[in-house]
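Remarks on the overall topology
Residues per chain, in single letters:
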Amino acid sequence: MNSRTKGILCILSSAFCFALMSSFVRLAGDLPSVQKSFFRNLIAALIALILLLREHHKGEKLSINRRQLPLLILRSIFGTVGILCNFYAVDHLVLSDASMLNKMSPFFAIIASYFVLKEKITPVQGAGVIAAFIGALCIIKPTFANMDLIPSVIGLIGGMGAGIAYTMVRALGKTGIHKSVIVFFFSAFSCLAVLPVLIAGYVPMAPMQLAYLLLAGVAAAGGQFSVTSAYCFAPAREISVYDYTQVIFSAVLGFILFGQLPDGLSVLGYILICGTGVATFLYNRRQDRLQADSVKGR
């Protein structure tokens, strides 16, 4: 099995784990999104802390400098907003709709990278962003008659928060910071940020609800480990498109566990967003090949 195949299998594992996480979050029942987010991030923080201690024992440099701290804080703020909004959408929408709105994050990352990292947006990327937003509108169905309008908009805001957070991670990656530091800082920050709201509005949980939230945390950790391993095996341009399988996993789990079926407009939105993602993926690969051929020609 070559590295690319391993990367694809890991990205598929990640997509399934995150779809499973969303299912467990919904199965936890009528609990505040803040409470669900806290337990999800608590598990991730504990796992990241164990990894940090292991890396420290190996002598790895795990310090944070002044340039990295503002980026870590911004990554954590937007990441927390992304999770809270996504969990709210998961509780109030068809599971596959919530998952698809969250998958708008790559397109928001393109826009955020233009302003934050000064990366140019090509005409193809610009067209992709527009097509993806049209797809999102098919899912949101912005009419006052749509009872799911507010949860849909919140889900889209969650995708935006995730996209900006990923841009900050990209900026942090250029500073040489250790990945475990980013994961731990975000998870700990998110737990502390929601803790006052959690204490003020804590809702007592049945043992099964707590079990579902802990399982959501384990599934999220599995997704993080899988996606990290995937990008170690192969570059993003070769495997990132397979991450859209999360929508398929979410649709299947949503039907099996909750009897959910997306409507026709939502399916059209899925096709537009996934199709745009695939087209952008193929375009990027073609540009990489042209660039590589140009370098060889010299």
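Quick summary incoming for the structure in this document. No experiment lies behind these values; they were computed from the predicted model shown.

As a further point, take the overall build of the protein chain. Broken down by element type, the protein chain carries 12 helices and 0 strands. When the helices and strands of the protein chain are read in sequence order from the N terminus, they spell out α-α-α-α-α-α-α-α-α-α-α-α. Over its C-alpha trace the protein chain gives a radius of gyration of 19 Å, about what one expects of a compact globule, namely 19 Å for 298 residues. For the protein chain, the C-alpha atoms occupy an extent of roughly 65 × 55 × 40 Å along the three principal directions. Counting every position in the protein chain, which comprises 298 residues, the buried fraction comes to 46%. Within the protein chain, residue pairs in contact and separated by at least 24 positions form 87% of the contacts whose partners lie at least 6 positions apart. Split by element, the accessible area of the protein chain, about 15,100 Å² in all, is 69% carbon and sulfur. Averaged over its 24 positive side-chain charges, the protein chain has a centre that lies 10 Å from the centre of its 12 negative ones.

A word on unusual backbone geometry. Residues other than glycine seldom take positive phi values, yet Lys118 does so here, at roughly 60°. Along the chain, Lys118 falls in the loop between helix H5 (105-116) and helix H6 (123-140). In this model, Lys141 sits at a positive phi of 50°, which is unusual for a non-glycine residue. Its location among the elements puts Lys141 in the loop between H6 and helix H7 (149-173).

Below, the discussion takes up the side chain of Ser33. Among the structural elements, Ser33 can be located in helix H2 (residues 33-57). Apart from the residues lying within four places of it in its own chain, the contact partners of Ser33 are Leu84, Phe87, Tyr88 and Asp91.

So, how was this worked out
Residues numbered from 1 in each chain as written. Predicted model: local features only at pLDDT ≥ 70, side-chain atom pairs only at ≥ 80, totals over all residues. Heavy atoms only, no water. Helix = DSSP H or I, 4+ residues; strand = E, 2+ residues; numbered from the N terminus. Rg over C-alpha atoms; globule rule 2.2 N^0.38 Å. Buried < 20%, exposed > 50% of the residue type's maximum accessible area, 1.4 Å probe, protein only. Contact = heavy atoms within 4.5 Å. Areas by Shrake-Rupley, 256 points an atom, 1.4 Å probe, with all protein chains shown as cover. Lys, Arg positive; Asp, Glu negative; His and termini not counted. Charge placed at Lys NZ, Arg CZ, Asp CG, Glu CD.

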